[in-house]
Amino acid sequence: MAYQVLARKYRPQRFADVAGQDHVTVTLMNALTQGRIAHGYIFSGHRGIGKTTIARILAMALNCRNTIGSEARPTAEPCEVCESCTEIRSGTAVDVIEIDAATNRGIDEIRELRDAARYRPARDRYKIYILDEAHQITDAAFNALLKTLEEPPDHIVFMMATTQPEDIPQTVRSRCQHFSFHAVKLVDILAQIRAIADHEGVEADDAALALLAEAGDGSMRDALSIMDQAIASAPVEDGKPRLDAAQIRELMGTVPSAVFERVLEAVDANRSADVITIANELLDAGNSPAQLARQCVRYLRNCLIAKIAGIGADGTGLDGNTTELLQISSDEQRRAGRSASLFTEEELTRFLQVMLRTFDELGYRQEQRFHFELGLLKLVHLRRLLPVEEILSRFPTSGSSGSGAEAPRTRTAATAPQSTPRPAPVPSVAPSAPAKPAFSPFGGDSSRRVVPAPPQPAAPKPVSETPKIVREPAKQSAPVAVLEPEEPKGVSALEIATDLVGMGAISVPDPEVYVAPAVEDPTPPPPVAPTQESAGQSADDLQRTVVEALSSAKSQGSAADAMGDAEWLIEGGEIRVQTNLSKTMLSMVINPDADRIIRATLRTVGTGSLKLTLLPGAAGASSAPKKAKAARSGSAQAKALDHPVVQQAQRLFNAEIRNVIDLSDND
Ligand SMILES: [Zn+2]
């Protein structure tokens, strides 16, 4: 006998053998027993979950020669032995017509079918049409069928199997009984393939079978197809094929989820290098970034569910419910529990969001590898974010606005390098105030991870305990954009931070992000006398020269305007340029080209030794909330602005409140 694939060989022949669709089979058997036969059935659901199988069993049951309750057929199940049953099973019954609607979808084919349906069945009780992929039938063709469904001859039964029931016209659907099939549960698939493995004489351990069942992803046929393939490629021991998990993974092009456990451990330990090393190993082994991202998304999803379901690191909390939710083997559930215990639910949610987006983007990006790596690195950086609430809670809420206002500024004073006395951007700074730990989203995590509660003594505490890659710039988060002669290394930090803000990881209107970290000069410039004559140039002269240089350069008009509108001041060995632009605009307008021109110009007039500092428009930013406050006193906006927590947030992030929504009005 020719080889039959497992899915066909073990196709159920009785309602009771169909796995995971009890809600359908029980109803159909009751209907058969009571003789309530509809003329149209719609079976909908995913591929490979038994729609066509049940249609065939129903056809057998309808046309079985033996009556229900007879000795040969005690229940509504077909007898499986009579002529009708055997013919339907082998697909040779003249009164059961299977039509692939994907190829016979036009009006001509359906008219033919309709005309043939008028004639009585050749031998059996019913003439049964099984339309596979019924959603493919055209609207015109459905209309041609409608009349037959409205007033069907007694001997006709239509069964439509479809993955997209919503594509079947409502007029047709309303004349049929609609059964929605469920995805087959992991345990059901597992039981079935274990039985088949025994029957086929295949040696397989639990991990291998679990992997096959998971790969089916709710579809029995998919699981059996992969099993077929796995048996064909399996090594034979003592005349028996032997399945093992590694071989099946290789076949499916997936990697063990232990890899993702390692990735998350590296994320937890804040080790970007390890994350990249693991990604490198996987990609060099020939795994596609898209497939890896897909698996990573699944793993994170499972971790998140494990967290929500309360599976502990030691596997506590595992039960039938978690299996129901996770649809993975108990070993994998334990693994997900271990990974989940490293993180909070919020963190896992963010991780999942990031990886989902990475997976999406991989579909249309050129450099897939880099996107995948970036996605993984974002997980490490996400870990360093603090919830806004947590940051706010570190401020005294008692409302002593004075000390609260100082906090973000003292950071500037405390962390500013002592060697180069750069004037603080805000004159009213209080350098002696006890400084708080850095409150940047990147900087704060050390205090969270190492010593959670007490505010640490400010002092020049070096950040050397836990070396971090993106941390350095955060330290310097003064509300200024400092353009240094060096390569602006802070750009990546800027991008990551804005990215995080963009996707709502931190909901801050305008976080402190700088253009370039103040990388210390190995040889700080000698302090220059704080006089304007130092370089023989007045601030006005410098401004004019720079504006002229920018105006004559190609496409630097807006930079020239910005420099022209700014206030220039030479002070303490530094050229301070107070612009009217916001921080974001400033970094866009004074782009690297403009920056180069400005510096070159300053060098040519002999002021290259002075440090150039571009300040964003502090005046505009601080006046905005005041204006808004004045707008409508007593309004929701005014109330929000008066709230101490809001005020703290504003001070902390130098934020502007643009929009206040009063949700209480909508109740
Ligand atoms: Zn029969």
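Placed above this text is the structure.
Read on for a plain summary of the structure. This one's a predicted model, so the numbers in the text were calculated from it and none came from an experiment. (Residues numbered from 1 in each chain as written. Predicted model: local features only at pLDDT ≥ 70, side-chain atom pairs only at ≥ 80, totals over all residues.)

1. Comments concerning the nonpolar core
So, point 1. If you look at the biggest cluster of nonpolar residues, it comprises 108 residues, and the most contacted ones within it are M159, M160, I193, L212 and A223.
So, point 2. Element by element, the count of residues in this core is highest for helix α14 (residues 289-309), at 10 residues.
So, point 3. Every residue in contact with M159, bar those within four places of it in the chain, is listed here: Y41, F43, A55, L58, I128, Y129 and I130.
So, point 4. Grouped together as the second largest cluster of nonpolar side chains are 23 residues, A549, A562, I570 and L615 included. (Core = buried A, V, L, I, M, F, W, Y, C linked by C-beta atoms within 7 Å. Buried ≥ 20, exposed ≤ 12 C-beta atoms within 10 Å, placed from the backbone. Helix = DSSP H or I, 4+ residues; strand = E, 2+ residues; numbered from the N terminus. Contact = placed C-beta atoms within 7 Å.)

2. A closer look at the pairing of strand β12 (residues 611-615)
So, point 1. Of all the 5 residues making up β12, 5 are buried; the element is thus mostly covered by neighbouring parts of the structure.
So, point 2. Bridging between strand β11 (residues 574-578) and β12 involves 5 bridges; their strand directions are parallel. Bridge pairing links R576 to T613 in β12. (Pairing = 2+ DSSP bridges.)

3. Here we look at the environment of A7
So, point 1. Mapped onto the elements, A7 comes out in helix α1 (residues 6-9).
So, point 2. Judged by local crowding, A7 falls into the partly exposed class, with 19 C-beta atoms found within 10 Å.
So, point 3. Measuring from C-alpha to C-alpha, the distance between A7 and A223 comes to 8.8 Å, with 216 residues separating the pair along the chain.
So, point 4. Beyond its immediate sequence surroundings of up to four residues, A7 is in contact with R221, L224 and S225.

4. Re the sheet that holds strand β1 (residues 40-44)
So, point 1. On the basis of which strands lie adjacent, the open sheet formed by 5 strands has the order β2-β3-β4-β1-β5 and parallel pairing. Because the sheet does not close on itself, it has two edges, and the strands there are β2 (96-100) and β5 (177-180). With strand direction ignored, the average angle separating the axes of adjacent strands in the sheet is 15°. (Axes fitted to C-alpha atoms, helices over the stretch in contact; angles between N-to-C directions.)

5. Describing helix α24 (residues 539-552)
So, point 1. A rise of 1.5 Å per residue sets the reference length of α24, with its 14 residues, at 20 Å; its end C-alpha atoms lie 20 Å apart and thus fit the reference within 8%.
So, point 2. For α24, the full list of buried residues reads L542, V546, V547, A549 and L550. Projected onto a plane normal to the axis of α24, the buried residues spread over an arc of 160° and lie on a single side. Exposed residues pointing more than 90 degrees away from the buried face of α24 are listed as D540 and S552. (Expected span 1.5 Å × (residues − 1). Arc of directions from axis to C-beta.)

6. Description of the packing of α24 against helix α25 (residues 557-565)
So, point 1. The geometry of α24 relative to α25 is characterised by a closest axis approach of 8 Å and an angle of 165° between their N-to-C directions. On the basis of their axis angle, the class for α24 and α25 is roughly antiparallel. Here α24 runs over α25; the crossing is left-handed. Contact residues: Q543, V546, V547, L550 and S551 in α24; A559, A560, M563 and G564 in α25.
So, point 2. Taken together, the residues of the contact of α24 with α25 break down into 6 nonpolar, 3 polar and no charged. (Parallel < 35°, antiparallel > 145°, perpendicular 65-115°, else oblique. Left-handed = near helix turned anticlockwise from the far one by under 90°. Nonpolar A, V, L, I, M, F, W, Y, C, P; charged D, E, K, R; others polar.)

7. A word on the sheet that holds strand β7 (residues 236-237)
So, point 1. Judged by pairing direction, the sheet is mixed, and its 3 strands sit side by side in the order β6-β8-β7 without closing on themselves. Each edge of the sheet is formed by a strand with only one pairing partner; in this case those strands are β6 (203-204) and β7.

8. Concerning unusual backbone geometry
Of all residues except glycine, most have a negative phi; of all peptide bonds, most are trans.
So, point 1. In this structure, E133 takes a positive phi of about 55° despite not being glycine.
So, point 2. In this fold, E133 is placed in the loop between β3 (127-132) and α6 (139-150).
So, point 3. Positioned with a positive phi, N270 is a non-glycine residue whose angle comes to about 70°.
So, point 4. On the secondary structure map, N270 appears in the loop between α12 (258-268) and α13 (272-284).
So, point 5. The buried category is assigned to N270, around which 20 C-beta atoms lie within 10 Å.

9. Observations regarding helix α2 (residues 22-34)
So, point 1. Between the first and last C-alpha of α2 there are 18 Å, a value that for 13 residues agrees with the 18 Å anticipated at 1.5 Å per step.
So, point 2. Listed in full, the buried residues belonging to α2 are V24, T25, L28 and L32. Along the long axis of α2, the arc covered by the buried residues comes to 90°, so they all point the same way. Facing away from the buried surface of α2 by more than 90 degrees, the exposed residues are H23, V26, T27, N30, T33 and Q34.
So, point 3. Where α2 is buried, its residues contact α3 (51-63) and β5.
So, point 4. Of the residues flanking the end of α2, it is G35, one or two places downstream, whose phi is positive at about 70°.

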